[in-house]
Each structure stands twice: as structure tokens, then as C-alpha cells.
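Survey of secondary and tertiary structure
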Amino acid sequence: MEKKELQDRIRRLVKEKNAILLAHNYQREEIQEIADLTGDSYELSVKASRTDADIIVFCGVRFMAESAKILSPGKTVLLPNAHAGCPMADMITAQQLEGLRSQYPDAYVVSYVNTNADVKALSDVCCTSSNAVTIVNAVPAKKVIFIPDKNLGSYVKKFTDKDMIIWNGYCPTHHHIYPEEIKLLKEKYPDAPFVCHPECRPDVVELADKVTSTSGIIKFTKEDPHHRFIIGTEEGIMYQLRKNSPEKEFILASNGFICPNMKKTRLEDIVLALEKNQYEITLSPAIIEKARLPLERMIEVGAVPSAR
Ligand code: 13P
Ligand code: SF4
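Residues numbered from 1 in each chain as written. Chains lettered and ligands numbered in written order. Predicted model: local features only at pLDDT ≥ 70, side-chain atom pairs only at ≥ 80, totals over all residues. Heavy atoms only, no water.

**Structural notes on the overall build of the protein**
Within the protein, the secondary structure is distributed over 15 helices and twelve strands. A globule of 308 residues ought to have a C-alpha radius of gyration of about 19 Å, and the protein, at 19 Å, matches this closely. C-alpha atoms of the protein, sized along the principal axes, occupy 50 × 50 × 30 Å. Taken across its 308 residues, the protein has 59% of its residues classed as buried. Taken together, the 40 basic and 42 acidic charged side chains of the protein have centroids lying 1 Å from each other. (Helix = DSSP H or I, 4+ residues; strand = E, 2+ residues; numbered from the N terminus. Rg over C-alpha atoms; globule rule 2.2 N^0.38 Å. Buried < 20%, exposed > 50% of the residue type's maximum accessible area, 1.4 Å probe, protein only. Lys, Arg positive; Asp, Glu negative; His and termini not counted. Charge placed at Lys NZ, Arg CZ, Asp CG, Glu CD.)

Next up, the structure:
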């Protein structure tokens, strides 16, 4: 079936089933084109908690769909491709977090939303890349266990006097972009600010003119007067950048800046998801109850973009 036919079919099914289609900024262009809402992890989790649709179709990766289920337990949440996971989220288990908690009993656990539901259930508060600095500074303890991203953790550390114990996880997509490639691009395009995601390595973040979440990057490049930008995050964001600032030029920091998991979902999967109610996110009531509090605490504190 042609792209347009699939897209029309999805929109018809979404309407018939009183569903909502959420898509992360890294999703394939043809999915972002027909989503009810696109955004970063924070925006999508807030939207998921406030929708009155019966079904949330989450085009992203599993931890995002799980967060939607935790915040809207009465709704059906579908992840159209069951294999769309996040390798960084799998870098810490609930058992490992239990170990950390007993090693540092007076520490407050801040977990990046890129964690599995059972890990969230053992956390005190969640954060996303758009509010990590604000959240860490707001915690009622001097000592903070920050999981799982060591790169986001070391970025936050620059803006806080909290004593941070940082887990050794990382995003394989962002971690394998190196400062040498950025330096070459900066030489080639000296007029272009380098804007990157805080999941990048510290020596890459060091070179950035702006560090922020995916939606923060879209907003910054729209409002900033420069005409050309070097972009340090996953290539799916290019669709939103071009849509929001058609007159500007965007240079992706590396051709290999691709998250394979974010690319697993295709239009065909969404059709099947809506027709067959698959793949439904199911979590135990105990996990939902425990994981809800850290997510709600994060939403209460709100999203104040990380400054730089
Ligand atoms: P954002 O919250 O900035 O959209 O990032 C999510 C993510 O998975 C980045 O790799
Ligand atoms: Fe996970 Fe990295 Fe993909 Fe984001 S880009 S979903 S952190 S693997």
C-alpha cells in the first residue's frame, strides 16, 4: 500500500476508535506527519496524562509507552512495534538500583525517564532532558543517585552543588559521536551554532552553544537569529527542524546519528496496532502505583529547559 493510503487509513482508524497518536521527535517522517502530537519525552508524558482518548498509540520506544500507561492506567496504551526498546533503559535493573539504594541509604533517587517501569517504581522522582537540572536542584536531599545516563548526569553536575552518584549507562546513539567530527564541522561552518542533546559525551557537550532536549533544540533554532545550525542529536529531528524553520539550514553532526529502535515503527505497524489492539502495554497494579509517584513529582516541578 502507498504511503498516503496507509496514512489515511491510520487517521480513519484513530477517529473511529477514539484514539490519539503520539510520536516522538525521532520517529520516521511519515509518522510525524500524521501524529496528533509530536514532542520530547516530557511533552509526550504530560499529554498522555491529560488526554481523554480511550487508546493511546505511542510511536516511540517502550519506556515512553510505559510512562503513558503509568500516568493513564485506565487507558489502553499501544506500542505498535513490540521490539522498540531503549538500550540505555536496559543498562540498569531494579536489582542494581536496590543495591545502590542500600549502599547510599540517605540518597534521593532521580531517574531519567529512559528507565524501565520496575526501576521507576524504586525511584523518588523522574526527570527528562528538559528538566533534569531543575529536578536535581529541587530534591530535598544533599546526596542524589542519578540513573542511568552518565552523560546527562555529568551535564547536570555542572549546574548543581548536590553530591551526585552517577550510574554508568549511556545512549549508544549519542555516545558514539565524537568531538573530532564536531570540530571539523565547526571549522567548515564557522557561522553555525552547535546545538546538542545532553545525552552526548561531555567532550562533545563542551563544544556546544546550546544543550537541550529535542523540543528545546526545535525551539532554540526557530528563535535564534542564525541561519545555519549544526545539530547534535538523532536524525529524526530534521523533519521538525525543517518544518518549523523552513528558511534555515541544518547540518546533522554525523550521518550515523540514528537510533535503530526509534526507526523500528512503520506505518504498517500502526495500522495493525489500531486494527488488532496490539501491542498493549500491561504492567502490574503494584508497579503502576509505585512508578506513578516519581512521574507525578516530575510533572509537578515542571519543565524548565536546561540553561546554557
Ligand atoms: P527527549 O526527551 O529530549 O526527546 O529525548 C529522548 C531520548 O530518548 C533522547 O535520546
Ligand atoms: Fe534510547 Fe538513545 Fe534511542 Fe533515545 S536515542 S531511545 S536514549 S537508544
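Text resumes after the structure shown.
**A short note on the site of ligand 2**
Taken together, the residues surrounding ligand 2 are Y26, V61, C86, P87, M88, N114, C171, H174, E199, C259 and M262. In terms of residue class, the shell around ligand 2 is built from eight nonpolar, two polar and one charged. (Near = heavy atom within 4 Å. Nonpolar A, V, L, I, M, F, W, Y, C, P; charged D, E, K, R; others polar.)

**Describing the confidence of the model for the protein**
This prediction gives the protein a mean pLDDT of 96; 98% of its residues lie at or above 70. In the model, residues 304-308 has pLDDT below 50 throughout and makes 20 contacts with residues more than four positions away in sequence or in other chains. (pLDDT = per-residue confidence, 0-100. Contact = heavy atoms within 4.5 Å.)

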